[in-house]
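Structural description and commentary
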Amino acid sequence: MTEIQTLNDFFTKHPMYHKSLAELMRVSVSVVDKWSNGDRRLTERTINELNRLDLYLNNHPEIRSKYVKVGECVA
């Protein structure tokens, strides 16, 4: 399993809205926006939390399905 090192790593594995990640991490949406824009750096503690959340979502697909964006196929 690949370890999460950046916010982009997390969103690649679990594509979701900033609002959803903020809810899961119990932070404000503006904090997630700042991480995403590079206005605020991820701390080691935050990276550890993203890795914990990655493991949790991988082990609980019913929870993951509530938060991850699923694209619609166009035929």
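Above this text you will find the structure in question.
These remarks concern the structure in this document. Here the structure is a predicted model, which is why all the values come from computation and not from measurement. (Residues numbered from 1 in each chain as written. Predicted model: local features only at pLDDT ≥ 70, side-chain atom pairs only at ≥ 80, totals over all residues. Heavy atoms only, no water.)

**As for the packing of aromatic side chains**
A complete count under the given rule lists one aromatic pair for this structure. For the pair Phe10 and Phe11, a centre-to-centre distance of 6.1 Å together with 70 degrees between the ring planes defines the contact as edge-to-face. Judged by its relative accessible area of 0%, Phe10 is buried. A relative accessible area of 16% places Phe11 in the buried class. Note that Lys69 overlies the ring of Tyr17, its terminal NZ or CZ placed 4.6 Å from the centroid. (Phe/Tyr/Trp six-rings, centres within 6.5 Å; stacked < 30°, edge-to-face > 60°. Buried < 20%, exposed > 50% of the residue type's maximum accessible area, 1.4 Å probe, protein only. Lys NZ or Arg CZ within 6 Å of the ring centre and 35° of its normal.)

**Quick notes on the side chain of His14**
By secondary structure assignment, the location of His14 is in the loop between helix 1 (7–13) and helix 2 (18–25). A relative accessible area of 0% places His14 in the buried class. Engagement of the side chain of His14 in a polar contact is seen with the side chain of Asp54, the distance being 2.6 Å. (Helix = DSSP H or I, 4+ residues; strand = E, 2+ residues; numbered from the N terminus. Polar contact = N/O pair within 3.5 Å; in protein donor to acceptor, adjacent residues only side chain to side chain.)

**Side note on the packing of helix 2 against helix 4 (residues 44–59)**
Between helix 2 and helix 4, whose axes approach to 11 Å, the crossing angle comes to 95 degrees. Judged by the angle between their axes, helix 2 and helix 4 are roughly perpendicular. Contacts between helix 2 and helix 4 involve Leu21, Leu24 and Met25 from the first element and Thr46, Glu49, Leu50 and Leu53 from the second. Classifying every residue of the contact of helix 2 with helix 4 gives five nonpolar, one polar and one charged. (Axes fitted to C-alpha atoms, helices over the stretch in contact; angles between N-to-C directions. Parallel < 35°, antiparallel > 145°, perpendicular 65-115°, else oblique. Contact = heavy atoms within 4.5 Å. Nonpolar A, V, L, I, M, F, W, Y, C, P; charged D, E, K, R; others polar.)

So yeah, pure geometry; function would need other evidence.
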